[in-house]
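Structure assessment
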Amino acid sequence: EATDKLEKLLAEVRPKDRELFVRLWKTSGHLLLDVSREKFLLDSADDLSGSGKPFIDLMQYLARYGSMSAKMKSLAALEISFDKGDLKKAEEYLKKLKPMKGSGEEITRLEARLAFMRKDHKATLAKLFQLKKLQAHDVKMLGDSLGAAGDYSIALILYEKAVREI
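This structure is a prediction, so every number in the text was calculated from the model and none was measured. (Residues numbered from 1 in each chain as written. Predicted model: local features only at pLDDT ≥ 70, side-chain atom pairs only at ≥ 80, totals over all residues. Heavy atoms only, no water.)

Overview of the packing of aromatic side chains
Evaluated as defined, the whole model comprises 3 aromatic pairs. For the ring pair Phe21 and Trp25, a centre distance of 6.1 Å and an interplane angle of 40° mean the geometry is tilted. Of the two residues, Phe21 and Trp25 both sit in helix H2 (residues 18-28), 4 residues apart, roughly one turn of that helix. When its relative accessible area of 5% is taken as the criterion, Trp25 is described as buried. Plain terms: the ring middles of Tyr61 and Tyr65 are 5.0 Å apart, the flat faces sit at 45° to each other, and that makes the pair tilted. Remark: Tyr65 and Tyr61 occur in helix H4 (residues 53-65); sequence separation between them is 4 residues, near one turn of the helix. Of the residues examined, Tyr65 reaches a relative accessible area of 48% and is grouped as partly exposed. Through successive ring pairs, a cluster of aromatic residues spans Phe21, Trp25 and Phe40. (Phe/Tyr/Trp six-rings, centres within 6.5 Å; stacked < 30°, edge-to-face > 60°. Helix = DSSP H or I, 4+ residues; strand = E, 2+ residues; numbered from the N terminus. Buried < 20%, exposed > 50% of the residue type's maximum accessible area, 1.4 Å probe, protein only.)

Written out as structure tokens, the structure is:
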């Protein structure tokens, strides 16, 4: 089958010449978007990272149709953008991932983190308030946003919730 040959070709090129791999992917990678090729797609995602639209399209596909592991990798790619402080790229990934189902709590958590990075502490608290269960790293954002937000009543409710859960 032609797509099997294409996958084999891309798998051979990928470790040898990343630039050529990305160029080939841009022209034909969409033909390989199939859940039966998930392992290859996940391996390819690492080499497509930083390529812009091809990477985002692949992450969006995996987030929508992939296994739970693939969906988490899509969210992890977004986390890396946050960690690098690349707000524009993080916003772009988040916008693409938002319509996906099955990861609402994580999306809300990432929205809180994005608001926090923008120093929009009221929005950070509002997003944290939507979470069913706070995690340890949420508490740091919560603590840092408490004084800056100015709305101590909501902040204290969240803080009490966090202390009880963690």
